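# Chains, contacts and geometry: an overview
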Amino acid sequence: MKVCEAKEKLIIALDVDRASRAFSLVERLNPFAGMFKIGMELFYSQGPPVVEGLIRRRGRVFLDLKLHDIPHTVARTSRVLTRLGVAMFNVHAAGGRDMMRAAVESAGEAAAAMGVNRPLVIAVTVLTSINQQAFTRELGLDGSILDRVVAWALLARECGLDGVVASAREAAAIRQACGPDFVIVAPGIRPAGADAGDQKRVMTPSQALAAGASHLVVGRPVIAAPDPVEVARNLLREIEEGNNG
Ligand SMILES: O=C(O)c1cc(=O)[nH]c(=O)n1[C@@H]1O[C@H](COP(=O)(O)O)[C@@H](O)[C@H]1O
């Protein structure tokens, strides 16, 4: 895989609470990542200016606010997020068909009014911090995580969404069910030997790519490392080599 293709696959999670820290990471990691993820911590502490600031620094933003509400509220919020100029945002598949349709339609309308491409809209399936035991006993859901993730991926695709967030452990089954162009964003990525922390369904970068993930989300292994640039460079190398066998 060429370096530029590999770079597009890597998303760095900017899980910090200050814009200055986020921007310093972006400046150092821009050569290695195709997108930066702004999640709840950074957005709730710094607000929309952090998104605009990152875009000005030529970063592409995945805004990870995991919308989950009634269709009307999600539609209006999707319009707001689209106007911020993000490249991708997410909603919870558990919000259901009408909510997912509302998100994608509203993002499409807002983007058309601005004369820009619609951001990718993807559905969070089963969080990577959930294992089968918690899925069954705490969430009270029937069947296997794998079957639920694939069912939600198919529903998301039917609603016009571009892809899903799922663990790479489900990536092969999603790829088979949803086809080659479906976006599969996999968090819970850990280089071999790295601490899993609270993540339960993890894979290494090369395993995740071999399974069919289109994008890998990596947070702590990079941003909490003594040398984030070195870890990002190694990740990119593993991604490049991964698909070359
Ligand atoms: O939507 C997400 O990005 C997400 C979904 C999921 O199921 N699991 C998950 O870890 N994430 C996010 O991916 C990132 C993973 O970070 P690390 O575990 O530090 O690599 C965090 O910012 C999470 O909020």
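Residues numbered from 1 in each chain as written. Predicted model: local features only at pLDDT ≥ 70, side-chain atom pairs only at ≥ 80, totals over all residues.

### Things to note about the overall build of the chain
Scanning the chain for helices and strands turns up twelve helices and eight strands. Relative to the globule expectation of 18 Å for 245 residues, the C-alpha radius of gyration of the chain, 17 Å, shows essentially globular dimensions. Along the first, second and third principal axes, the C-alpha set of the chain runs to 45 × 40 × 35 Å. Per-residue burial for the chain yields a buried fraction of 42% across its 245 residues. When contacts within the chain are restricted to residue pairs at least 6 apart in sequence, those whose partners lie at least 24 apart make up 69%. (Helix = DSSP H or I, 4+ residues; strand = E, 2+ residues; numbered from the N terminus. Rg over C-alpha atoms; globule rule 2.2 N^0.38 Å. Buried ≥ 20, exposed ≤ 12 C-beta atoms within 10 Å, placed from the backbone. Contact = placed C-beta atoms within 7 Å.)

### Focus: the confidence of the model for the chain
Taken as a whole, the chain shows an average pLDDT of 96; of its residues, 99% reach a score of 70 or greater. Both scores are available for the predicted complex, with the pTM at 0.97 and the ipTM at 0.99. (pLDDT = per-residue confidence, 0-100.)

### Here's the deal with the environment of Ala151
Tracing the backbone through its elements, the reader meets Ala151 in helix H8 (residues 145-158). You can call Ala151 partly exposed: it has 14 C-beta atoms within 10 Å. For the pair Ala151 and Ile174, spaced 23 residues apart in the sequence, the C-alpha separation amounts to 8.9 Å.

### Side note on the UniProt feature "active site" (unreviewed entry) in the chain
UniProt's entry tags Asp64, Lys66 and Asp69 with the feature "active site" (unreviewed entry), counted in the numbering of this structure. Each residue touching Asp64, except ones within four places of it in the same chain, is listed here: Lys37, Ile38, Gly39 and Asn90. C-beta crowding within 10 Å serves as the criterion here: with 16 such atoms nearby, Lys66 is assigned to the partly exposed category. Ignoring anything within four residues of it in the chain, the contact list for Lys66 reads Asn90, His92 and Val124. (UniProt positions renumbered as here; feature names shortened; annotations may be inferred.)

### Things to note about the environment of Val150
When you line up the elements, Val150 lands in helix H8. Distance from Val150 to Ala172, taken between C-alpha atoms, is 9.9 Å for residues 22 residues apart in sequence.

### Remarks on the site of the ligand
Not every one of the 19 residues close to the ligand is listed here, only the nearest: Ala13, Thr128, Pro187, Gly219 and Arg220. For the shell around the ligand, the elements supplying multiple residues, two or more each, are strand S3 (61-67), strand S8 (215-218) and helix H11 (220-223). Partitioning the shell around the ligand into residue classes produces eight nonpolar, seven polar and four charged. (Near = placed C-beta within 6 Å. Nonpolar A, V, L, I, M, F, W, Y, C, P; charged D, E, K, R; others polar.)

### Section: the environment of Pro48
Mapped onto the fold, Pro48 is located in helix H4 (residues 48-56). Pro48 sits in the partly exposed class, given 13 other C-beta atoms within 10 Å. In this structure the C-alpha to C-alpha distance between Pro48 and Val80, which are 32 residues apart in sequence, comes to 10.0 Å.

### Here's the deal with the nonpolar core
Ranked by size, the top nonpolar core spans 77 residues in total, and within it Ala103 and Ala186 carry the most contacts. Broken down by element, this core gets its largest block of residues, seven residues, from helix H6 (residues 97-114). (Core = buried A, V, L, I, M, F, W, Y, C linked by C-beta atoms within 7 Å.)

### Re the pairing of strand S7 (residues 183-186)
Strand direction decides the pairing type here: strand S6 (residues 163-165) and S7, joined by three bridges, are parallel. When the bridges of S7 are listed, Val164 appears paired with Ile184. One crossover worth recording links S6 to the parallel S7 by way of helix H9 (residues 171-178), and it is right-handed. Taken together, the two bridges between S7 and S8 define a ladder with parallel strand orientation. Among the inter-strand pairings, Val185 is bridged to a residue of S8, identified as His215. (Pairing = 2+ DSSP bridges. Right-handed = clockwise from strand over helix to strand, strands pointing away.)

### What about the sheet that holds S7?
Taken together, eight strands build a closed barrel; the order of strands is S1-S2-S3-S4-S5-S6-S7-S8 and the barrel is parallel. Each neighbouring strand pair of the sheet contributes to a mean axis angle of 25 degrees, computed without reference to strand direction. Bridge analysis of S3 against strand S4 (residues 88-92) gives three bridges, and the strand direction is parallel. The residue of S4 that forms the bridge with Leu67 is Val91. (Axes fitted to C-alpha atoms, helices over the stretch in contact; angles between N-to-C directions.)

### So, H9
Turning to H9, its buried residues are Ala171, Ile174 and Cys178. Angular distribution of buried residues about the axis of H9 spans 65 degrees; they occupy a single face of the element. In this fold, the buried residues of H9 make contact with H8, S6, S7 and helix H10 (205-211). Trailing H9 by a residue or two, Gly179 shows a phi angle of about 95 degrees, which is positive. (Arc of directions from axis to C-beta.)

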